[in-house]
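What the coordinates show
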Amino acid sequence: MRWRTALLGSLMLTLAGCGAVPENRVPERVQRPASGSPIATMRPEAQLCHAELGRTGSSFAPLPDQFYGAGCMTVDSVKLDRVGGDSGAFEVTNLGALACPLANTFAAWARFGVDRAARQLLGSPLARIETMGSYACRNVSGTGRLSAHSRAEAIDVSAFILEDGRRVSVLSGWNASREEREFLRTIHRSACKRFGTVLGPDYNAAHANHLHLEHGSGQFCR
Ligand SMILES: [Zn+2]
């Protein structure tokens, strides 16, 4: 039994040694519980971005950074559930990790581009935005280049549900009634002013059922 006592003693010494490590030697990105965030030591730009998103009245949770290999990653990202509007908030469905700067651009577009266009052109406030997701580790279709989705810097938006119960989808609405066509083209135009790349049904058949909204300054609008 003596070896066991000795082992216990050395283990306790080791643990005591751990406690003696100065606070400033703790790795910078150690994750630990903190009020409202799983990430206690976010980078300053991420903190600013999260604060800005909070001010929009959106409901979201910060996500820990993830590196999946092959250049795919989610950094300073959030899980966005609701976006703040003029009164109340809109639900956003099916989003995974979303890069925080993209979440802010999306929140502004949803409120000032989509909800106000819905009120003006369709006579009802927006209730919900349906998406086909955000993060996906894949290439741009037909190329060897990684998609912005591989960094959670793109959202595919598929439909809009209004408070009066109507559902306007990109697939059926793009060539539907005059008011739905006008609504979808208006929000496509307003997206082009906010996002770096916007691709819709007029770009190619792969985008017949959604608007691809991508973070950046590329100003590519189709
Ligand atoms: Zn996309």
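Let me begin by describing the structure that accompanies this report. The shown structure was predicted, so the numbers you read here are calculated from the model rather than taken from an experiment.

Considerations on the overall build of the protein
Within the protein one finds five helices and twelve strands. Within the protein, the fraction of its 222 residues that count as buried is 40%. For the protein, the share of sequence-separated contacts (at least 6 apart) that also reach a separation of at least 24 residues comes to 55%. Accessible surface computed for the protein: about 11900 Å², of which carbon and sulfur atoms make up 54%.

Considerations on the coordination of the zinc ion
Around the zinc ion, the protein contributes the donor atoms His149 (NE2), Asp156 (OD) and His212 (ND1), at 2.0 to 2.1 Å from the metal centre. Taken in chain order, the donor set of the zinc ion reads H-x6-D-x55-H.

Description of the packing of helix α2 (residues 44-55) against helix α3 (residues 100-122)
Relative orientation and spacing of two packed helices are given, respectively, by the angle between their axes and the distance between those axes. The interhelical angle for the contact between α2 and α3, taken along N-to-C directions, is 20°, at an axis separation of 9 Å. Taken together, α2 and α3 sit at an angle that is classed as roughly parallel. Crossing angle aside, the handedness with which α2 passes α3 is left-handed. When α2 is examined against α3, the residues Cys49, His50, Glu52 and Leu53 are found in contact with a partner set consisting of Cys100, Pro101, Ala103, Asn104 and Ala107. Grouping the amino acids of the contact of α2 with α3 by side-chain chemistry returns six nonpolar, two polar and one charged.

Section: the state of the cysteines
Applying the stated criterion to the full structure yields three disulfides. The disulfide that involves Cys49 links it to Cys100, with 2.2 Å between the sulfurs. Across the disulfide from Cys49 to Cys100, rotation about the S-S bond amounts to roughly -105°, and the bridge is consequently left-handed. Residue Cys49 is found in helix α2, and its partner Cys100 is found in helix α3; the two are separated by 51 residues along the sequence. Among the residues examined, Cys49 registers a relative accessible area of 9% and is labelled buried. Overall, Cys100 belongs to the buried group, its relative accessible area being 1%. In this model Cys192 forms its disulfide with Cys221; the gap between the sulfur atoms is 2.0 Å. Torsion about the S-S bond of the Cys192 and Cys221 cystine: about 75°, corresponding to right-handed handedness. Note that Cys192 is positioned in helix α5 (residues 178-194) and Cys221 in strand β12 (residues 220-221), a separation of 29 residues in sequence.

Conventions and cut-offs
Residues numbered from 1 in each chain as written. Predicted model: local features only at pLDDT ≥ 70, side-chain atom pairs only at ≥ 80, totals over all residues. Heavy atoms only, no water. Helix = DSSP H or I, 4+ residues; strand = E, 2+ residues; numbered from the N terminus. Buried < 20%, exposed > 50% of the residue type's maximum accessible area, 1.4 Å probe, protein only. Contact = heavy atoms within 4.5 Å. Areas by Shrake-Rupley, 256 points an atom, 1.4 Å probe, with all protein chains shown as cover. Donors = N, O, S within 2.8 Å, 3.2 Å for Na, K, Ca; no water. Axes fitted to C-alpha atoms, helices over the stretch in contact; angles between N-to-C directions. Parallel < 35°, antiparallel > 145°, perpendicular 65-115°, else oblique. Left-handed = near helix turned anticlockwise from the far one by under 90°. Nonpolar A, V, L, I, M, F, W, Y, C, P; charged D, E, K, R; others polar. Disulfide = S-S within 2.5 Å.

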